[in-house]
Amino acid sequence: MNPVADAMLDPPAGRDALHTLLVVRAISLLEDNAMTVTQLAEALAVSRSHLQRVFTRVVGCTPAEWQRAQRSERLRTGLPLSASVSGAAFDAGFESLPSAYTAASAHLGMSPGALRRGAAGETVFYTVVPCALGFVLVAITSRGVHRVVLGDDPVVLEATLREALPAAAIVRDDAELGDLSASIVALASGAALSHALPLDVRGTAFQQRVWRELQRIRRGETITYAELAARIGSPTAVRAVGTACGANPVALVVPCHRVVRADGTLGGYAWGVERKACLLRDEKLPTA
């Protein structure tokens, strides 16, 4: 008997449990082996379409996307310790250097060589300005807004940026970023964003899906973590959705503060629950 097939006859709670078990087994196999979806389905004795559907619903991405994201993360952590880019790429599980370069660009935002050198060769422009929530650091690359971080101390905000990108050229340019920072300051006071901003945000496939959906939540509205998980097609991934919200690198622009717990309480916020409360309060106020 195939318990996964039999689950189609079980009540929903039973199906969810078996689907979760199937995904856990799939991830266990993928962590130790590079496998196509067909090979993975055969190893688990289920159909390819069933595996693809269940994995995407539970995890938020396909098995292939999950493998690419995991290899990219292993590449990111292994590059500074490796003697060469090729060695790090093969150790991370890539079959060729071109595939490593493609994945690094898509998932991590720069080439493996730049990653190995701590973002050497990349220029990041930033400014730090006061706002209604303390101070906000706004950083951009040639591709778009890279970071928007709230805090109490401009020196700490700048140090955090430099620590994250130790070999990048970090250039402060208050004048050039004046208009952009003014828009961000307005967001910190509850205003709406007047126009879409190009973003250069780097994360896993699942994180990117969560961040894109967050941008669809309108000013003055809130949704629950469970609702957000359902909107991205992964209703059982509520905890993972919360983690992705916490990893959001561009506060205010990607409004993770608009997600609350099922009981209406605020839940967490990377930049402090007090700031989250202020934002939600001010966004409910009518605009001038």
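Anyway, here's the lowdown on the structure attached to this text. These figures come from a predicted structure and were not determined experimentally.

1. Let's talk about the environment of glutamine 39
(1) Moving on: Tracing the backbone shows glutamine 39 in helix H3 (residues 37-44).
(2) Moving on: Taking relative accessible area as the criterion, glutamine 39 reaches 40% and is therefore assigned partly exposed.

2. Concerning the sheet that holds strand S1 (residues 123-131)
Adjacent strands of a sheet form backbone hydrogen bonds with each other and so pair up, either parallel or antiparallel.
(1) Moving on: Pairing in this open sheet of four strands is mixed, and the strands run S3-S2-S1-S4 from one edge to the other. The open sheet is flanked by strand S3 (144-151) and strand S4 (169-172), the only strands paired with a single partner. Each adjacent strand pair in this sheet contributes to an overall mean axis angle of 25 degrees, direction not counted.
(2) Moving on: Running at roughly 30 degrees to strand S2 (residues 134-141), helix H9 (residues 154-164) makes contact with S1, S2, S3 and S4 of the sheet.

3. Considering the pairing of S2
(1) Moving on: Most of S2 is tucked away: six of the eight residues are buried.
(2) Moving on: Sheet topology note: the S1/S2 ladder contains seven bridges and is antiparallel. Bridge pairing in S2 places phenylalanine 125 opposite isoleucine 140.
(3) Moving on: From the end of S1 to the start of S2, which pair antiparallel, there are two residues.

4. Comments concerning the pattern of salt bridges
(1) Moving on: On inspection of all chains with the given rule, the structure shows eight salt bridges.
(2) Moving on: In this structure, arginine 218 and glutamate 221 form a salt bridge, with 2.9 Å as the shortest nitrogen-oxygen distance.
(3) Moving on: Judged by relative accessible area, which is 32%, glutamate 221 ranks as partly exposed.

5. Comments concerning the state of the cysteines
(1) Moving on: Tallied over the entire structure, the rule returns zero disulfides.
(2) Moving on: No disulfide involves cysteine 245; its sulfur sits 6.0 Å from the nearest other cysteine sulfur, which is in cysteine 256.
(3) Moving on: By relative accessible area, which is 5% here, cysteine 245 ends up buried.

About the criteria used
- Residues numbered from 1 in each chain as written.
- Predicted model: local features only at pLDDT ≥ 70, side-chain atom pairs only at ≥ 80, totals over all residues.
- Heavy atoms only, no water.
- Helix = DSSP H or I, 4+ residues; strand = E, 2+ residues; numbered from the N terminus.
- Buried < 20%, exposed > 50% of the residue type's maximum accessible area, 1.4 Å probe, protein only.
- Pairing = 2+ DSSP bridges.
- Axes fitted to C-alpha atoms, helices over the stretch in contact; angles between N-to-C directions.
- Contact = heavy atoms within 4.5 Å.
- Salt bridge = Lys/Arg side-chain N within 4 Å of Asp/Glu carboxyl O.
- Disulfide = S-S within 2.5 Å.

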